[in-house]
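Structure at a glance
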Amino acid sequence: MNTRNGDAEALSVRFEDVSKHYPGADAPAVDGLSLEIPEGEICVLVGPSGSGKTTAMRMVNRMIEITSGDIYVGDRSVRDRSPAELRRHIGYVIQQTGLFPHRTIDDNIATVPRLLGWDKARTQARVEELIGLIGLDPELRSRFPSQLSGGQQQRVGVARALAADPGVMLMDEPFGAVDPINRERLQNEFLRLQADVRKTICFVTHDIDEAIKMGDRVAVLREGGRLAQFATPAGLLMAPADEFVEDFVGADRALKRLSLLRVSDISLWEAPLAYVGQASAEVRAKLEGAEVPHPLLVDSERRPLGWLSERDLEREIVPDRPDSPAEPRLERDDVMRDALSDLLQAETQYAAVVDHEGRIAGVLSIEIISEFLGSGEALVEEHSAVERPLE
Amino acid sequence: MIAEATTWLAPLVAQGDFFTDRSEGSATECVAENKTVCLGWAWDNADRFVSPTLEHLVLVGLSVAFGFAIALGMAVLSHRRRWLVPTFTGASGVLYTIPSIALFLILLPITGRGNVTAIVALTLYTLQIIYRNIVTGLGNVPEAAKDAGRGMGMTERQLLWRVELPLAVPEIIAGLRIATVSTVAIATLAIFAGAGGLGEEIYTGGLLRDVFKTAIVVASGIAILMAVFFDALYIGLQRWLAPWRRVRAI
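Everything quoted here is computed from the prediction, not taken from an experiment.

In this section: the overall build of chain B. On a plain count of helices and strands, chain B comes out with twelve helices and zero strands. Each helix and strand of chain B, ordered N terminal to C terminal, gives the series α-α-α-α-α-α-α-α-α-α-α-α. Contacts in chain B between residues far apart in sequence, at least 24 positions, make up 72% of those at least 6 positions apart.

Turning our eyes to something else, we now look at the interface of chain A and chain B. Between chain A and chain B, the contact holds 21 residues from the first and 19 residues from the second. Of all elements in the fold, only α2 (83-88), β6 (90-94) and α4 (111-115) of chain A reach the threshold of two or more residues within the side of chain A that touches chain B. Take the side of chain A that touches chain B: its biggest share by element is four residues, from α2(A). Within the side of chain A that touches chain B, the residues separate by chemical class into nine nonpolar, nine polar and three charged.

A few words now on the sheet that holds strand β9 (residues 217-222) of chain A. Residue and element names in this part refer to chain A. Across the sheet, which stays open at both edges, the six strands sit in the order β6-β7-β8-β3-β9-β10 with mixed pairing between neighbours. Of all the strands in the sheet, the pair left with one neighbour each is β6 and β10 (226-231). Within the sheet, the average angular offset between the axes of one strand and its neighbour, ignoring direction, is 15°. When strand β7 (residues 168-172) meets strand β8 (residues 200-205), the two strands line up parallel, connected through five bridges. Its bridge partner being in β8, methionine 171 is matched across the sheet by phenylalanine 203. Strands in contact with helix α6 (residues 150-162) are β6 and β7; relative to β6, the strand with the most contacts, it is inclined by about 165°.

Bringing the packing of helix α9 (residues 143-151) of chain B against helix α10 (residues 156-186) of chain B into the picture now. Residue and element names in this part refer to chain B. The interhelical angle for the contact between α9 and α10, taken along N-to-C directions, is 165°, at an axis separation of 10 Å. Classed by the angle they form, the pair α9 and α10 counts as roughly antiparallel. As α9 packs across α10, the resulting crossing turns out to be right-handed. On α10, the residues that touch Ala145, Lys146, Gly149 and Arg150 of α9 are Leu159, Val163, Glu164 and Leu167. In terms of residue class, the contact of α9 with α10 is built from four nonpolar, one polar and three charged.

Counting 159 residues, the largest nonpolar core has A:Val44, A:Leu45, A:Val60, A:Cys202 and A:Val353 as its most contacted members. Looking at which element gives the most residues to this core, the answer is helix α8 (residues 115-139) of chain B, with 13 residues. Residues in contact with A:Cys202, not counting those within four places in the same chain, are A:Val13, A:Ile37, A:Cys43, A:Leu45, A:Met57, A:Val60 and A:Leu170.

Looking now at helix α14 (residues 336-345) of chain A. Residue and element names in this part refer to chain A. Three or more residues of α14 are buried, namely Met336, Ala339 and Leu340. For α14, the buried positions fall inside an angular range of 100° around the axis, keeping them on one side. Phi turns positive, to about 50°, at glutamate 347, one or two residues after α14.

Okay, the confidence of the model for chain A next. The predicted coordinates should not be examined in detail at positions where pLDDT is low. Residues and elements named next belong to chain A. Across chain A, the average pLDDT comes to 87, with 93% of residues at or above 70. This stretch, residues 1-6, has a pLDDT under 50; its non-local contacts, to residues over four places away or in other chains, come to five contacts. Contacts for the low-pLDDT stretch residues 377-391, under 50 throughout, to residues beyond four places or in other chains number 31 contacts.

Here we come to the confidence of the model for chain B. Residues and elements named next belong to chain B. Per-residue confidence for chain B gives a mean pLDDT of 81, with 82% of residues at or over 70. Within chain B, the element-level pLDDT minimum falls on helix α1 (residues 2-14), averaging 43, and the maximum on α9, averaging 95. Confidence drops under a pLDDT of 50 for residues 1-25, and excluding neighbours within four residues, the segment shows 18 contacts in the predicted structure. Both confidence scores are given for the complex: pTM 0.75, ipTM 0.77.

What follows deals with the pairing of β10(A). Residue and element names in this part refer to chain A. Here β10 lies mainly inside the structure; five of its six residues are buried. Direction of pairing for β9 relative to β10: antiparallel, over a ladder of five bridges. Note that in β10 the partner of leucine 221 across the bridge is leucine 227. The antiparallel hairpin formed by β9 and β10 contains three residues in its connecting segment, where glycine 224 sits at a positive phi of about 85°.

How each quantity is defined
Residues numbered from 1 in each chain as written. Chains lettered and ligands numbered in written order. Predicted model: local features only at pLDDT ≥ 70, side-chain atom pairs only at ≥ 80, totals over all residues. Helix = DSSP H or I, 4+ residues; strand = E, 2+ residues; numbered from the N terminus. Contact = placed C-beta atoms within 7 Å. Nonpolar A, V, L, I, M, F, W, Y, C, P; charged D, E, K, R; others polar. Pairing = 2+ DSSP bridges. Axes fitted to C-alpha atoms, helices over the stretch in contact; angles between N-to-C directions. Parallel < 35°, antiparallel > 145°, perpendicular 65-115°, else oblique. Left-handed = near helix turned anticlockwise from the far one by under 90°. Core = buried A, V, L, I, M, F, W, Y, C linked by C-beta atoms within 7 Å. Buried ≥ 20, exposed ≤ 12 C-beta atoms within 10 Å, placed from the backbone. Arc of directions from axis to C-beta. pLDDT = per-residue confidence, 0-100.

In structure tokens form, the structure reads like this:
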């Protein structure tokens, strides 16, 4: 990563027995929170309202003062730093974007570099770089925030937080005010961006699906600001610590687990292959003891053409146009949940999975998926799937 | 105090060669009949309105400028000390309710006759409107913008000057517009403080001279034009300082 802006190195964030007591309140808003976010990871704080997730996040940059305990950014306690200085080195993204309505997009993005006293040329260069990074039309640079769509505004909010290349970013429901379709897009874009910039991110949401999608780790908080569970998304879905987490994660946690996986993450079945022009007898022989009871017709490049039926095999030579096409056709990079959905939609048991060249890579069946969900095999390490942007 | 005022008003009434002016020039007949407007007379006597107009401009300009400076100071002071707001609003409100001629007379023993008294009084009158508008404007700044500003490491002072005041510009200018227009009107009373301005023509030239209507109408017309002129100035100022307000939001 570039180090010319000084901050580029991601820093860990460590909560040590952090509590927040608001004056006049009976119960603490955050109660003895301890957790560590390793460098370059996204930690999502999730929980119902009143669980202190936003309070916990805002104590990192001292927007809210810590009552007891301490938070370390890198190896420095946030208490030892002046709030303004600390905040200039921590990216800050909020739900309502908080863009300054009276400043152009360029000027909004340049906010922190200017506070840090960067010279004009350096600021300008950085703004241009960020506009490219978030994929914003350069024509919009001289516009005011109200002239941008909600999604564009949110991208600018992220760019502004990244402007001085901070080691740590705080994101408070950053995609909460965007419609579902755009939210999905922004989430994916952000994961792609994060794969590139590798910031340490403290991300707050009340949406468990978003938490599972975005987090390398998820901290589930319960009312009263107590940590209920701190785990990887897969760990959370596999083994909820208690009833509260189980309820919060939801009854559909099995399905959610599928959204963490790609087709390539589980072992597929092998289909008996039939080549165009092959004798039916040869194909029949392959069916003996095969995992998939139907032969898959492929061309000379091993690209699936369709499933052969019993009637197709009654001919001497297999036909080059089988009765049932090879639908649905999945790719190895497809997310498992989408793959299952395709299978169900096509009302079929089996789906051919192809690689990037369109060649057959294996067969996915509903049976594989249900076995997989039943056993929960090796799920924890499958977490790798979400680190790559989904799309 | 009132007695004192009459003593200084008296010589004012008696001075000048106004009657000769009225009987001269091409519009003698109109003037003799004291019609509502004698354009001919006004044209012939345009000169006599020049320096009252300039004096009036100076009175209004300085009063609003001082008023703005003081009100801004009050607003900045009370911005992070909310308990001061009712105090300042109340105090400027009380000042605003004092009848203007009374205020001139109250100030006379302190500041003496002349422009100073007029400007002090006019300045005090602008405070209420300008202060309240600045406070309203600062109050309308979106919370999210303030939160983002602080969260990115702005100090309270930087937040005020770089975010809050710029965003309050439309309300502040709205306040200045009202304050200026009303000052243009009230400044016609500055004559009672011994200052100049268009009041000279309205009172000594018009009312006190057998109610000479043309002088009153012309002076009032100039005051109206002046108000319109200032208004246009503020519209330009707003366009310049708050360009984001003009853009078409999507």
